[in-house]
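This is what each chain is made of:
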Amino acid sequence: MKSGNNLITILGPTACGKTKLAVALADVIDGEILSADSRQVYRGMDIGTGKDLEDYTINGRTIPYHLIDIVPAGYKYNLFEFQTDFINAYNNIVQRGKKPVMCGGTGLYLESVLKGYRMLAVPENQELRNRLENRSLSELTDILKQYKELHNTTDVDTTKRAIRAIEIEEYYKEHAVEANSFPKLNNLVIGIDINRELRRESITKRLQQRIEGGLIEEVQKLLDSGIGAQDLIYYGLEYKYVTLYLTGQLEYKYFFQELNVAIHQFAKRQMTWFRGMERRGIAIHWLDAAMPIQEKVSEIIKLTQNDQN
């Protein structure tokens, strides 16, 4: 007999409505939200990351949320930090008798929790860094592939990050250490399945709303605060393309079109990652995005009850 789910996860591609569903569910089960979004951690990056904090207010009260607005814009937040912050927030929620609901679209963050990836604070290896410092990015990528299958390009977008990734893998290889303590999770994973046409329509409509809602002004404010253009471009999508426009590298008439295409491509990559998670052993219960939100909540409640039997 299962002991019941101690973590409900709601995932899906951008613009599928997962935040509103997570909030509606949390309202019913006395839950709190754990964000699994790699950009919503940054303060001052609100419109472009789609925080939509007003969505956390439902039935006259605000559902508590965690791992949003926890580091300054310009910082390079990483997976190790996310896992550490997730565990602290998760334990805090459970100790107060509330139900944790993880919600997000960053596949690597989601999977690192659902599969309990090892978390190790890896020290610098100066000798290794010296050996690798003159290698090209292509050579470093080939070296990293000898350690692991590359599921994304985040580790190899610069030589510095590639060297750090190799440093981490070499440490794992030489030190037979176990993962830091990770909560024992009995997961129920819900995926929002949105058909391609509706997804495309939702993405384009939302982008228009964000631009009208001050997206360009938000990025200008970040630049004015002293954050470098390259640091904002690093965050990708809205921050990359708006920064390119504001710094004169992209004409406005191409700005919306190129950004819109990039977000569509990103959503497609998200779905590819989620399907890959299923192949890697994570069971995802898919719900139709077009289903009314209360019906989705009822279906999730039924699934949790089934898992208790």
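None of these values were measured; they are calculated from a predicted model.

Engineer: Please provide a residue-by-residue account of the overall build of the protein chain, values included.
Structural biologist: The secondary structure content of the protein chain amounts to twelve helices and ten strands. Against the globule reference of 19 Å for 309 residues, the protein chain gives a C-alpha radius of gyration of 20 Å, in line with a compact fold. For the protein chain, with 309 residues in total, the buried portion stands at 47%. For the protein chain, the share of sequence-separated contacts (at least 6 apart) that also reach a separation of at least 24 residues comes to 75%.

Engineer: Kindly report on the side chain of R199, identifying the contributing residues and their values.
Structural biologist: Within the secondary structure layout, R199 lies in helix α7 (residues 196-212). Here R199 is buried and forms no salt bridge, its nearest opposite-charge partner D193 lying at an N-O distance of 7.1 Å. In this view, R199 contacts P13, T14, I194, A267, K268 and M271; residues no more than four positions away in its chain are not counted.

Engineer: Now, about the sheet that holds strand β2 (residues 31-35): what can you tell me, with residues and values included?
Structural biologist: Ordered in space as β6-β2-β8-β1-β9-β10, the six strands form an open sheet in which the pairing is parallel. The two strands at the open ends of the sheet, each matched to only one other strand, are β6 (65-66) and β10 (285-288). Relative to the sheet, helix α2 (residues 79-95) contacts β1 (7-11), β2, β6 and β8 (99-104), its axis offset from that of β2 by approximately 180 degrees.

Engineer: Summarise helix α3 (residues 107-114); cite the residues concerned and give the values.
Structural biologist: Structural remark: α-helix, 3.6 residues per turn; residues separated by three or four positions point the same way. Counted residue by residue, α3 has seven buried out of eight residues, so it is predominantly covered. Inspection of α3 places G107, Y109, L110, E111, S112, V113 and L114 among the buried residues, and these make up the whole buried set. Remark: G116 follows α3 within two positions and exhibits a positive phi of approximately 60 degrees.

Engineer: How would you summarise helix α10 (residues 237-246) if you had to cite specific residues and measurements?
Structural biologist: Where burial is concerned, most of α10 is hidden: seven out of the ten residues are buried. Of the surrounding secondary structure, the elements contacted by the buried residues of α10 are α7, α8 (215-224), α9 (229-234) and α11 (252-279). Residue G248 follows α10 closely and has a positive phi angle near 80 degrees.

Engineer: Break down the pairing of β2 for me, with residues and values.
Structural biologist: Burial within β2 is extensive, with five of its five residues counted as buried. In β2, alternate side chains face the same way, and those of G31, I33 and S35 on one face and E32 and L34 on the other are all buried. Where β2 lies against β8, five bridges are found, and the strand directions are parallel. Residue pairing for β8: S35 is matched across the bridge by C103. Inspection of the sheet shows β2 paired to β6 by two bridges, in the parallel sense. What sits directly across from L34, in β6, is H66.

Engineer: Please provide a residue-by-residue account of the pairing of β1, values included.
Structural biologist: The buried fraction of β1 is high, at five of five residues. Here β1 shows a buried face lined by L7, T9 and L11 and a second buried face lined by I8 and I10. When β1 meets strand β9 (residues 187-193), the two strands line up parallel, connected through five bridges. Looking across to β9, one finds that I10 is bridged to I190. Relative to β8, β1 runs parallel, the two being bridged by four bridges. Its bridge partner being in β8, I8 is matched across the sheet by V101.

Engineer: With reference to specific residues and values, describe the packing of aromatic side chains.
Structural biologist: A full pass over the atoms with the stated rule returns ten aromatic pairs. Ring geometry for Y42 against Y235: centres 4.6 Å apart, planes inclined by 50 degrees, an arrangement best described as tilted. Taken together, the positions of Y42 in strand β3 (residues 42-43) and Y235 in the loop between α9 and α10 put the pair 193 residues apart, joining distant regions of the chain. The pair Y42 / Y235 is uniform in exposure class, with both members buried. Between F86 and Y90, the ring centres sit 5.8 Å apart and the planes meet at 25 degrees, which makes this aromatic pair stacked. One end of the pair is F86 and the other is Y90, both in helix α2 and four residues apart, which spans about a single turn. Overall, the relative accessible area of 0% leaves F86 in the buried class. Assessed through its relative accessible area of 5%, Y90 is described here as buried.

Engineer: Could you give an account of the packing of α7 against α11, naming the residues involved and the relevant values?
Structural biologist: A pair of packed helices is characterised by two quantities: the angle between their axes and the separation of those axes. For the pair α7 and α11, interaxial distance at closest approach is 10 Å and the crossing angle is 135 degrees. The orientation of α7 with respect to α11, classified from their angle, is oblique. Considering the relative orientation of α7 and α11, their crossing is right-handed. Of the residues in α11, those in contact with R199, R200, I203, T204, L207, Q208 and I211 of α7 are Y252, F255, F256, L259, N260, I263, H264, A267, K268 and M271. In terms of residue class, the contact of α7 with α11 is made up of ten nonpolar, four polar and three charged.

Quick notes on the rules
Residues numbered from 1 in each chain as written. Predicted model: local features only at pLDDT ≥ 70, side-chain atom pairs only at ≥ 80, totals over all residues. Heavy atoms only, no water. Helix = DSSP H or I, 4+ residues; strand = E, 2+ residues; numbered from the N terminus. Rg over C-alpha atoms; globule rule 2.2 N^0.38 Å. Buried < 20%, exposed > 50% of the residue type's maximum accessible area, 1.4 Å probe, protein only. Contact = heavy atoms within 4.5 Å. Lys, Arg positive; Asp, Glu negative; His and termini not counted. Salt bridge = Lys/Arg side-chain N within 4 Å of Asp/Glu carboxyl O. Pairing = 2+ DSSP bridges. Axes fitted to C-alpha atoms, helices over the stretch in contact; angles between N-to-C directions. Phe/Tyr/Trp six-rings, centres within 6.5 Å; stacked < 30°, edge-to-face > 60°. Parallel < 35°, antiparallel > 145°, perpendicular 65-115°, else oblique. Left-handed = near helix turned anticlockwise from the far one by under 90°. Nonpolar A, V, L, I, M, F, W, Y, C, P; charged D, E, K, R; others polar.

Any functional reading would require information that these geometric values do not contain.
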